[in-house]
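If you want the building blocks of each chain, they are given just below.
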Amino acid sequence: MWKYKTIRAVFAGLFALSVFLVAYLHITSVWSTVFFISLIFVWFTYIIVGVFRMRTQIFLPSVCSLAVPGKKNILLTFDDGPHPQLTPLILDTLAAHQAKAVFFCIGKKVALYPEVAARIVAEGHIIANHSYNHSNLIGMYSTQRVMEEIHRTETEIERITPSLKLYRPPFGVTNPNIAKAAAALNMKVIGWNTRSFDTVSRSGEKVLARITANIKNGDIILFHDTQEVTSTILADFLLFVRNKGFTFDIDSLKS
């Protein structure tokens with residue numbers, strides 16, 4: 001898909017043309033009105049898709065799938081922790097099945113539960129940046145404020161382990177300010193292509209069915225280590241994918 005700057009220039013040109021036709025050439029008709037309204041509708045649709053669907057990469061480059069050459073691999077990721085009770089349960093299950101994962105942690109929770117964050121690293125997993133406060137208003141933040149959120153979390157991570165500078169925006173929201181902040185801090189943005197919806201569904205069967213339906217090499221799975229349903233179905237999920245021949249290699253993110 002064309003990037004934001006290109007599309008913005010195209011739409012600016014079309015808007016300018018429509019205004020010129022009406023204001024200077026006095027070309028007014030139902031069709032000119034329809035054209036103008038359609039432009040506005042398409043523009044806002046494009047922006048909304050870019051903001052809420054990271055995979056379009058409209059505003060910034062992001063890794064939303066990651067196939068490992070020569071392997072049948074999936075990437076397990078967990079958002080919003082560390083959680084003092086549930087994250088240890090997740091870690092116990094991962095250890096029992098010899099699976100590695102990436103934990104996108106909220107900075108203030110790392111500060112609150114450094115021992116859980118330290119255990120994530122000690123057991124061979126990756127700890128990554130998921131902002132400091134995980135604010136619902138992240139999409140309205142200035143570039144400077146997004147940078148502060150990322151930087152504060154990086155500081156907490158660095159107290160435990162050298163940072164790999166991996167960043168997942170809260171809710172997967174992207175926009176020009178978030179793009180500028182990530183670029184300024186040299187962060188690699190990681191998304192997903194398979195969402196478990198474990199924050200929405202309380203049915204373990206439905207969550208498990210959703211994430212196993214079309215699993216394939218290179219998938220990045222989004223879980224949350226703050227949800228009880230995730231801790232209850234994780235072992236079954238790991239058994240399923242192991243039986244299908246999948247591995248859980250995270251080393252490709254370390255380079």
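Look up: the structure comes first, before these words.
Sequence order sets the numbering: in each chain, residues are counted from 1 along the sequence as written. Given that the model is predicted, a residue must reach a pLDDT of at least 70 before its local features are reported, and side-chain atom pairs must reach 80 or more before they are shown or counted; all residues, however, enter totals for whole chains, interfaces and linings. To get the side-chain values, take all heavy atoms of the structure and skip hydrogens and water.

Draft legend 1. Structural detail: the pattern of salt bridges. Any Lys or Arg side-chain nitrogen located within 4 Å of an Asp or Glu carboxyl oxygen qualifies as a salt bridge. One pass over the structure, following the stated rule, counts 7 salt bridges. Between Arg159 and Glu156 there is a salt bridge; the shortest N-O distance is 3.3 Å. Between Lys254 and Asp251 there is a salt bridge whose closest N-O contact spans 3.5 Å. The buried label goes to any residue with under 20% of its type's maximum accessible area, the exposed label to any with over 50%, and the partly exposed label to all in between, with areas taken from a 1.4 Å probe on protein chains only. Owing to a relative accessible area of 43%, Lys254 belongs among the partly exposed residues under this scheme. In this structure, a network of salt bridges that share partners links the residues Asp92, Arg119 and Glu123.

Draft legend 2. Here's a closer look at unusual backbone geometry. Cis geometry is adopted by the peptide bond preceding Pro82, which originates at Gly81 and carries an omega value of 0°. By the secondary structure assignment, Pro82 is in the loop between strand E1 (75–79) and helix H3 (86–96). Phi is positive for Asp80, close to 80°, though the residue is something other than glycine. In this description a helix means any DSSP run of H or I spanning at least four residues, a strand means any run of E spanning at least two, and both kinds are numbered starting from the N terminus. If you trace the backbone, Asp80 turns up in the loop between E1 and H3. A positive phi angle, near 60°, is found at Phe197, a position not held by glycine. Mapped onto the secondary structure, Phe197 falls in the loop between strand E6 (194–195) and helix H8 (204–212).

Draft legend 3. Broad picture of the side chain of Asn73. The residue Asn73 is located in the loop between helix H2 (30–52) and E1 in this model. Here Phe248 takes part through its backbone nitrogen, which lies 3.3 Å from a polar atom of the side chain of Asn73. Polar contact is the term for a pair of N or O atoms within 3.5 Å; when the atoms are in protein, one must be able to donate a hydrogen and the other to accept it, and sequence-neighboring residues count only if both atoms are side-chain atoms. For Asn73, the side chain forms a polar contact with the main-chain nitrogen of Asp249, separated by 2.6 Å.

Draft legend 4. Here's a closer look at the environment of Leu76. Tracing the backbone through its elements, the reader meets Leu76 in strand E1. Exposure remark for Leu76: the relative accessible area of 0% places this residue in the buried category. Residues Leu76 and Ile127, 51 residues apart in the sequence, show an inter-C-alpha distance of 12 Å. Here, residues are in contact when the closest pair of their heavy atoms is within 4.5 Å. Excluding residues within four positions of it along the chain, Leu76 makes contact with Leu94, Ala99, Lys100, Ala101, Val102, Ile221, Phe223, Phe237, Leu238 and Phe248.

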